[in-house]
Amino acid sequence: MKSLSITGLILLAVSALLFYLTTDFAVEQIKISHIMGVMAGVGIGLIIGGMVGYLSKGSAIKAEQKKKEFKQLQKEKEELEKQAADIAKRQAELENQNKNPQI
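Residues numbered from 1 in each chain as written. Predicted model: local features only at pLDDT ≥ 70, side-chain atom pairs only at ≥ 80, totals over all residues. Heavy atoms only, no water.

By the naming in an unreviewed UniProt entry, the protein chain is DUF1049 domain-containing protein, taken from Chryseobacterium pennae.

Set out below in structure tokens:
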């Protein structure tokens, strides 16, 4: 987004320079071609802005989804570790009972 803003400012400066060179900023010298150029520039800017916005939103949604999946996997890992610890504890208790049978 930062590079897109910089590019927009550079293009705006170039367009102001070209407008100055062709009309000397005199309102009487503005022609229909200038208005058409402004409208085309706005249209192209909106199209490019829409595409960049769509792409950045899509990547943000994908990143959020990956974070959710990672958190879910961490929860599952913790649950599996607890289950493994419980199983190991039960096995140790069973081994102790087998080694020391009470009569």
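That covers the picture; the talk isn't over yet.
A. The overall build of the protein chain, seen in detail. A tally of regular secondary structure across the protein chain gives two helices and zero strands. Compactness check: the protein chain gives a C-alpha radius of gyration of 34 Å against a globular reference of 13 Å for 103 residues, more than 25% above the reference. The dimensions of the protein chain, computed from C-alpha atoms along their principal axes, are 115 × 15 × 10 Å. Expressed as a percentage of its 103 residues, the buried residues of the protein chain come to 2%. (Helix = DSSP H or I, 4+ residues; strand = E, 2+ residues; numbered from the N terminus. Rg over C-alpha atoms; globule rule 2.2 N^0.38 Å. Buried < 20%, exposed > 50% of the residue type's maximum accessible area, 1.4 Å probe, protein only.)

B. Spotlight on a negative patch on the surface. A cluster of acidic residues, Glu76, Glu78, Glu79 and Glu81, forms a negative patch on the protein surface. Residue placement: Glu78 occurs in helix α2 (residues 32-99). (Patch = residues over 30% accessible without salt bridge, like charges linked within 9 Å, V, L, I, M, F, W, Y side chains within 5 Å. Areas by Shrake-Rupley, 256 points an atom, 1.4 Å probe, with all protein chains shown as cover. Salt bridge = Lys/Arg side-chain N within 4 Å of Asp/Glu carboxyl O. Lys, Arg positive; Asp, Glu negative; His and termini not counted. Charge placed at Lys NZ, Arg CZ, Asp CG, Glu CD.)

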